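Results of the structural survey
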Amino acid sequence: MQFVIPFPGIGNEIFSIDIGGFDFALRWYALAYIVGIIIGYRIVLRAVRAPHLWRDETPPTTPELLEAFLTWAILGIILGGRLGFVLFYQPAYYLQNPAEILQVWNGGMSFHGGFLGVVIAGLIFCKKHGIKMLSFGDLMAMAAPIGLFLGRLANFNSAELWGRPSTLPWAVIFPGRAAQDCPGVIGACARHPSQLYEATMEGLILGALVLFLAWRRDWLKKPGQLMGLFIAGYGVSRFVVEFFRQADAQFITATNPMGYVMQFGDFGLTKGQQLSLPMIAIGLIFILYARKRT
């Protein structure tokens, strides 16, 4: 008998309150965003208050400006994440249903879109306040992994973005018709807990490496180097996990069961891999530029 792990079934909502017929609920995914932003802010605030970490002992910004950027970052994450999902994954659907574009409570967020949203917000903010953009990007690289870690845990708890069918002993039986639609599988279908793979690689491992290099190896003294590591590191992590993660349903057809958006014979790339390759290249360019410049 195959050993698999049943889904814990904690539920999406932490609690809900009915006020005048309106149901207000705090969901785990929202809590992941809130806690991730708070912890990320505390990490970068500590770095800003440690002049010895920076070149010429001059942090790129002040605690006051860092606090002001929080609103910009939140808007960048939400708007960028939502618009990225719309443009990268389901443009045809939302072109026909434009009223649903801003309905984020119905699901559908893209990390790549959220990343671009924060980048744009950061560029505008830095330009407005005369902040060195590369060093500010290094700060953001220190904050991002904790949000990724908590966000992926929330994905797992919400039984979404699960992996491909698997017979490994740590495979999980996710609930729902879509998760149990596994051609050729008799009985319950177990899948890779790809959300936990991502939480480990993008959150724990990449986050620990970024903080170690920032605090113990003086990487913040070469502007852009730490940001490049995070960008490339995320790209590599996501590219690898995509081999185990179920492709988005809109890309899967009878002739393309793996959900490739680019195919070369028997080999192909998923949408996540396609979006991650530029991140790997851009991250490496930033690292090389930072080292050559200094």
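Shown above is the structure to which this text applies.
All values reported here derive from a predicted model rather than from experimental measurement. (Residues numbered from 1 in each chain as written. Predicted model: local features only at pLDDT ≥ 70, side-chain atom pairs only at ≥ 80, totals over all residues. Heavy atoms only, no water.)

In the structure shown here, the tally under the stated rule is one cavity of 30 Å³ or more. Forming the walls of the largest cavity are E242, R245, Q246, A247, D248, T270, K271 and G272. Residues of the lining of the largest cavity, tallied by class, amount to one nonpolar, three polar and four charged. (1 Å grid on protein atoms, 1.4 Å probe; cavity = no way out; pocket = protein on both sides within 12 Å on 5 of 7 lines; lining within 4 Å. Points joined across faces, edges and corners; volume = space filled by probe spheres on them. Nonpolar A, V, L, I, M, F, W, Y, C, P; charged D, E, K, R; others polar.)

Attention now goes to the layout of surface pockets. To find leftover empty space, one rolls a probe the size of a water molecule over the atoms. Roughly 230 Å³ of volume is contained in the second largest pocket. Here the lining of the second largest pocket is built from residues that sort into six nonpolar, two polar and four charged.

With that settled, the discussion passes to the packing of helix α4 (residues 111-129) against helix α8 (residues 271-293). The interhelical angle for the contact between α4 and α8, taken along N-to-C directions, is 35 degrees, at an axis separation of 10 Å. Here α4 contributes F111, H112 and F115 to the contact with α8, which in turn contributes G272, L275, S276 and M279. When its residues are assigned to classes, the contact of α4 with α8 shows four nonpolar, three polar and no charged. (Axes fitted to C-alpha atoms, helices over the stretch in contact; angles between N-to-C directions. Helix = DSSP H or I, 4+ residues; strand = E, 2+ residues; numbered from the N terminus. Contact = heavy atoms within 4.5 Å.)

Next up on the list: α4. Its 19 residues give α4 an end-to-end C-alpha distance of 27 Å, which sits within 8% of 27 Å, the value for a rise of 1.5 Å per residue. What α4 keeps buried is the set H112, G113, G114, F115, G117, V118, A121, G122, F125 and C126. For α4, the elements touching its buried residues are α2 (63-88), α5 (133-157), α7 (225-241) and α8. For α4, the side-chain oxygen to backbone nitrogen distance between the N-cap and H112 is 3.3 Å, and the N-cap itself is S110. Two residues or fewer past α4, G130 is found with a positive phi of approximately 65 degrees. (Expected span 1.5 Å × (residues − 1). Buried < 20%, exposed > 50% of the residue type's maximum accessible area, 1.4 Å probe, protein only. Polar contact = N/O pair within 3.5 Å; in protein donor to acceptor, adjacent residues only side chain to side chain.)

So, on to the packing of aromatic side chains. Throughout the structure, instances matching the rule amount to 15 aromatic pairs. Ring geometry for F85 and Y94: centres 6.3 Å apart, planes at 75 degrees, overall edge-to-face. Taken together through their ring pairs, the aromatic side chains of F85, Y89, Y93, Y94 and F251 make up a single cluster. Stacked on the ring of W215, the Lys or Arg R46 has its end atom at 5.0 Å from the ring centre. (Phe/Tyr/Trp six-rings, centres within 6.5 Å; stacked < 30°, edge-to-face > 60°. Lys NZ or Arg CZ within 6 Å of the ring centre and 35° of its normal.)

We now examine the environment of H52. With respect to the element layout, H52 can be found in the loop between α1 (28-48) and α2. Overall, H52 belongs to the partly exposed group, its relative accessible area being 47%. With sequence-adjacent residues up to four places away left out, H52 is seen in contact with E57 and K221.

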